Amino acid sequence: MTEELVLHPSDDPATQSNYDDIATTHLHLDWTVDFSQSFIRGSVVHSLLAKKNGINQVVFDSSFISIKRIVEVKDEKEIGELKWHLPKRNKSMGSALKVELGRELKKGDNVEVKIEYSTTDECTALGWLTPEQTDSGKYAFLYSQCQAIHCRSLIPCQDTPSVKATYSAVVHSPLPILLSARRTSPPPSAPQPEIDGQLHTYKFEQSIAIPSYLIAIAGGELAFKALGERTGIWAEPGMLERSAWEFQEDAEKIVSGLEELVTPYVWGRYDALVLPASFPYGGMENANLTPALIVGDRSQVDVLGHEASHSWHGNLISCSDWASFWLNEGWTTYTERLLTGKLHGNPASRDFEYIIGEKAMKDDLKRFDKDGLRFGQRLHIPYEKGVDPDDVYSSVAYDKGANFLYCLEKTVGGLEVFNPYHKAFVKKFSGHSISTQDWLDHFWSYWSQFPEKEKLLKEKVDFDAWLNGEGLDLPVKMEYDTSLADASYALAASWDSARSLPREELVKKFSKADIEKFQTNQVIVFLETLAGKDSFEKNQEAIEVMEEVYGFLETKNPEIKLRNFLVSLKAGLYATEAAAFVRTVGRLKYVRPIYRAIFEIEPELAKKTFLESKHLLHPIARTMVARDLGLEK
């Protein structure tokens, strides 16, 4: 007999739902997508399980949703209208949709509730693009982003990662549709239905329970190309070949490599979706549906590795609330970097990823170094009721979390000792949503089998400092293999020491040959190292010569563009060029730091650029940048 898993009670402060009383186990969506009016209308049927006796109502999260009617259903037939109430909206959490069940349920009882509704033009989960904003310019495009608490603007639901449910869907649309689920009709092997102006019906099934934030939809002119037996790429037709080239060498290697590092892949297929540039993240871990970046040199394939790693951390094992978000992102970043070392066959390449991530982490730790915000420097973030998790979203969960796990690995004696624990952790909690305390309980239970290792961990690792500590530095100084970064450090040091030389001397000293043999990531580390040197920021002449010899403004790689602008803007240069760049991208990694940097030197330019181009951004990115620029209502 399998031992029942006992988890700590969840108390998610970002939801108004009564998921502790009654919880959704399955959702069935019936949607019609209206591209001309930019909304989705239809219904959701919640299959609910009472968790206590005496439950007579169910409370769902909703946000900017228009409710038509609510009924109880049984065996797919309506059996009675239900009374419902929508109290005043909470600014961050939306409106609590309270549905009276008309009777008291006992623990273990099931009930099905059907909600007919439509999204509105204030929906924060959906991005709608006009035909002119797409690659071909022919058809509109739709994409969603529900993390952290935006699914409630797409579906009235119990919008907390504590609740995991399976889902099915029937979607009627004039344009091809993808969901974060397996398409059952038309079958995946069938060609895409013609775009003929008529509504076509697509059916989907997600048989593995997932949290609400992983429900996703995309629609538009889409084409598919297989990359391997269980991997493939979706993109607009004009981008399909470029997208396939970017990932065809690594897609299958990524999934099989992760299976060796963790446990077998249970999601069936791993297909990536290349979304328009306005998507706010590099990728998203939606099961079976992952946006990714096309940069033309395969340097961003690690995004695919990161999102694939979420198939275990985040998707199979989910944080139970956003206070424990680091369990999703810290574990995923740690696993992604393990994969990097494995694929490259070089341990130094793994450490190089930690070196690259350090600058963004330190910048975010510094950003939160203010009274009232320092809790954002913690790994386990103590949210108060009603706080929007997006307000504290940063690289801290990713990089501080990954460093914590790497520190634990080093403490117990390396990967050979730590990896069996990693696999045991995944096997223990697969299919569940857990808290930091659940993780800790299992961690110490596992290492109690090895008293010497347990003693080392207790003596050498300050768990409270890692999880709850604030400040600009990690609790310990991490030591990395810098062999791949040394050339970047050396070039940065050379520029730093020569910064006060006259222009003619700088032109003689430096040339394009300095970076010709650099990989993309070595250029990034060079620029990040310079960005960290305060002594360099006032010397405009040196920055101008650097541009003259290296031509960074002309690069097509957005990762290099980002770092170059963060160096040059500190010196007061290239604000106009930076403003032009942020008009063309939507990824938060790029737009937030660049907008903030422009705002420091030319605040009116930053505001003007944002106000003129904000319609190109996803609602999540639009809100975050508006806050950064002091433009939020």
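Residues numbered from 1 in each chain as written. Predicted model: local features only at pLDDT ≥ 70, side-chain atom pairs only at ≥ 80, totals over all residues. Heavy atoms only, no water.

A. Quick look at the overall build of the protein. For the protein, the count of helices and strands is 19 helices and 21 strands. Relative to the globule expectation of 26 Å for 633 residues, the C-alpha radius of gyration of the protein, 25 Å, shows essentially globular dimensions. Principal axes of the C-alpha set define a box for the protein whose edges measure 85 × 65 × 50 Å. Within the protein, the proportion of its 633 residues that are buried is 59%. Pairs at least 24 apart in sequence give 74% of the contacts found in the protein among residues at least 6 apart. As displayed, the protein has an accessible area near 26,000 Å², and 50% of this comes from carbon and sulfur atoms. Averaged over its 72 positive side-chain charges, the protein has a centre that lies 1 Å from the centre of its 92 negative ones. (Helix = DSSP H or I, 4+ residues; strand = E, 2+ residues; numbered from the N terminus. Rg over C-alpha atoms; globule rule 2.2 N^0.38 Å. Buried < 20%, exposed > 50% of the residue type's maximum accessible area, 1.4 Å probe, protein only. Contact = heavy atoms within 4.5 Å. Areas by Shrake-Rupley, 256 points an atom, 1.4 Å probe, with all protein chains shown as cover. Lys, Arg positive; Asp, Glu negative; His and termini not counted. Charge placed at Lys NZ, Arg CZ, Asp CG, Glu CD.)

B. Spotlight on the sheet that holds strand β10 (residues 141–144). In spatial order, the strands read β9-β10-β15-β12; together these four strands make up an open sheet with antiparallel pairing. Looking along the sheet, the strands with just one partner apiece sit at the ends: β9 (126–129) and β12 (177–179). This sheet shows a mean twist of 15° between the axes of neighbouring strands, independent of strand direction. Two elements, β10 and strand β15 (residues 217–219), share two bridges in a ladder whose sense is antiparallel. In the strand pairing of β15, Leu142 is matched with Gly219. (Pairing = 2+ DSSP bridges. Axes fitted to C-alpha atoms, helices over the stretch in contact; angles between N-to-C directions.)

C. Looking closely at the packing of aromatic side chains. Evaluated as defined, the whole model comprises 43 aromatic pairs. With a centroid separation of 5.9 Å and an interplanar angle of 80°, the aromatic rings of Tyr334 and Phe418 are classed as edge-to-face. Of this pair, Tyr334 sits in helix α4 (residues 326–344) while Phe418 sits in helix α7 (residues 415–429), placing them 84 residues apart in sequence. Take Tyr334 and Phe418: they sit in the same class, and that class is buried. Between Tyr446 and Trp447, the ring centres sit 4.9 Å apart and the planes meet at 80°, which makes this aromatic pair edge-to-face. The ring of Tyr354 has Arg337 lying over it, and the distance from NZ or CZ to the ring centre is 4.6 Å. Seen from the ring of Tyr406, Lys410 lies directly overhead, with NZ or CZ sitting 4.4 Å from the centre. (Phe/Tyr/Trp six-rings, centres within 6.5 Å; stacked < 30°, edge-to-face > 60°. Lys NZ or Arg CZ within 6 Å of the ring centre and 35° of its normal.)

D. Molecular detail of empty space enclosed by the protein. Summed over the entire model, instances satisfying the criterion amount to six cavities of 30 Å³ or more. Empty space within the largest cavity amounts to approximately 160 Å³. In terms of lining, the largest cavity is formed by 20 residues, of which the most central are Phe325, Tyr383, Pro389, Val392 and Tyr393. A breakdown of the residues in the lining of the largest cavity according to their chemical character gives 14 nonpolar, four polar and two charged. What the second largest cavity holds in volume is close to 80 Å³. Taken together, Thr24, Leu27, His46, Cys157, Gln158, Val163, Lys164, Ala165, Ile210, Ser212 and Ile215 form the lining of the second largest cavity. (1 Å grid on protein atoms, 1.4 Å probe; cavity = no way out; pocket = protein on both sides within 12 Å on 5 of 7 lines; lining within 4 Å. Points joined across faces, edges and corners; volume = space filled by probe spheres on them. Nonpolar A, V, L, I, M, F, W, Y, C, P; charged D, E, K, R; others polar.)

E. Representation of the packing of α4 against helix α6 (residues 396–412) within the structure. Here α4 crosses α6 at 65°, and the two axes come no closer than 7 Å. Handedness of the crossing formed by α4 with α6: right-handed. Of the residues in α6, those in contact with Trp326, Glu329, Gly330, Trp331, Thr333, Tyr334, Arg337 and Leu338 of α4 are Ala397, Tyr398, Asp399, Gly401, Ala402, Phe404, Leu405, Tyr406 and Glu409. Within the contact of α4 with α6, the residues separate by chemical class into 10 nonpolar, three polar and four charged. (Left-handed = near helix turned anticlockwise from the far one by under 90°.)

F. Quick look at the sheet that holds strand β7 (residues 95–105). As summarised here, the arrangement of the three strands in space is β3-β7-β6, forming an open sheet in which the pairing is antiparallel. Pairing within the sheet leaves two strands with one partner each, and these edge strands are β3 (55–62) and β6 (84–85). Looking at chain direction, β3 and β7 are connected through seven bridges and run antiparallel. When the sheet's bridge partners are listed, Gln57 is paired in β7 with Glu100.

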